[in-house]
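Here are the chains, one letter per residue:
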Amino acid sequence: MKVHFHVNDTKPRARAAKSAVAEIAARLGIVECGGDEADVVVALGGDGTILNAVHLFAGTPVLGLNLGGL
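In this text, all values refer to a predicted model and were calculated from it rather than measured experimentally.

What counts and how
Residues numbered from 1 in each chain as written. Predicted model: local features only at pLDDT ≥ 70, side-chain atom pairs only at ≥ 80, totals over all residues. Heavy atoms only, no water. Helix = DSSP H or I, 4+ residues; strand = E, 2+ residues; numbered from the N terminus. Contact = heavy atoms within 4.5 Å. Pairing = 2+ DSSP bridges. Right-handed = clockwise from strand over helix to strand, strands pointing away. Salt bridge = Lys/Arg side-chain N within 4 Å of Asp/Glu carboxyl O. Buried < 20%, exposed > 50% of the residue type's maximum accessible area, 1.4 Å probe, protein only. Arc of directions from axis to C-beta. Expected span 1.5 Å × (residues − 1).

Asker: What exactly am I supposed to notice about the environment of Met-1 here?
Answerer: By the element assignment, Met-1 lies in the segment before strand 1 (2–7). Not counting residues up to four positions away in its chain, the partners in contact with Met-1 are Ile-30, Val-31, Asp-39 and Val-40.

Right, here's the structure in full:
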């Protein structure tokens, strides 16, 4: 399975979460790739980041992991 992890790079918490999740995924044999090649996009962030991923990667399933505070 190929996964793209989408985050708002201006948010340190999101970058840290991406690193942790990508490390676990790699141990499970999941390949990290660019969004255009992905079987699924994992959006790590708040509502805006998740909506942005849905917009950018239309047609690719998006799994949202909410890191937002609202």
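Still more ground to cover, so stick around.
Asker: Teacher, can you tell me more about the pairing of strand 4 (residues 62–66) here?
Answerer: Remark: a regular strand shows side chains that alternate across the two faces of the sheet. Alignment of strand 3 (residues 40–45) against strand 4, held across 5 bridges, turns out to be parallel. Each bridged residue has a counterpart across the sheet, and for Leu-44 the counterpart in strand 4 is Leu-65. As for the winding sense of the linkage, the β-α-β connection from strand 3 through helix 2 (residues 47–56) to strand 4 is right-handed.

Asker: Explain the pattern of salt bridges to me, please; I cannot follow it from the model alone.
Answerer: Oppositely charged side chains can form a pair if their charged atoms are brought close together. Scanning all chains against the criterion turns up 1 salt bridge. A salt bridge links Glu-23 to Arg-27; the shortest N-O distance between them is 3.5 Å. One end of the pair is Glu-23 and the other is Arg-27, both in helix 1 (residues 12–27) and 4 residues apart, which spans about a single turn. The residues Glu-23 and Arg-27 share a single accessibility class, namely exposed.

Asker: Help me out: how do you make sense of helix 2 in this one?
Answerer: Residues that lie three or four places apart on an α-helix share one face, since the helix turns once every 3.6 residues. Among the residues of helix 2, those classed as buried are Thr-49, Ile-50 and Ala-53. One face of helix 2 carries all of its buried residues, which in axial projection span an arc of 100°. Exposed residues pointing more than 90 degrees away from the buried face of helix 2 are listed as Asp-47, Leu-51 and His-55. Close packing links the buried residues of helix 2 with strand 1, strand 3 and strand 4.

Asker: What's the story with helix 1 in this structure? I'm lost.
Answerer: Its 16 residues place the ends of helix 1 23 Å apart at the C-alpha level, agreeing with the 22 Å of an ideal helix rising 1.5 Å per residue. Every buried residue of helix 1 is accounted for by Ala-14, Ala-17, Ala-22 and Ala-25. In an axial view of helix 1, the angular spread of the buried residues amounts to 130°, which keeps them on one side of the axis. Exposed and facing more than 90 degrees away from the buried side of helix 1 are Pro-12, Arg-13, Glu-23 and Arg-27. Residues of helix 1 that are buried make contact with strand 1, strand 2 (31–32) and strand 3. Where helix 1 terminates, the next one or two residues include Gly-29, which has phi positive at roughly 85°.

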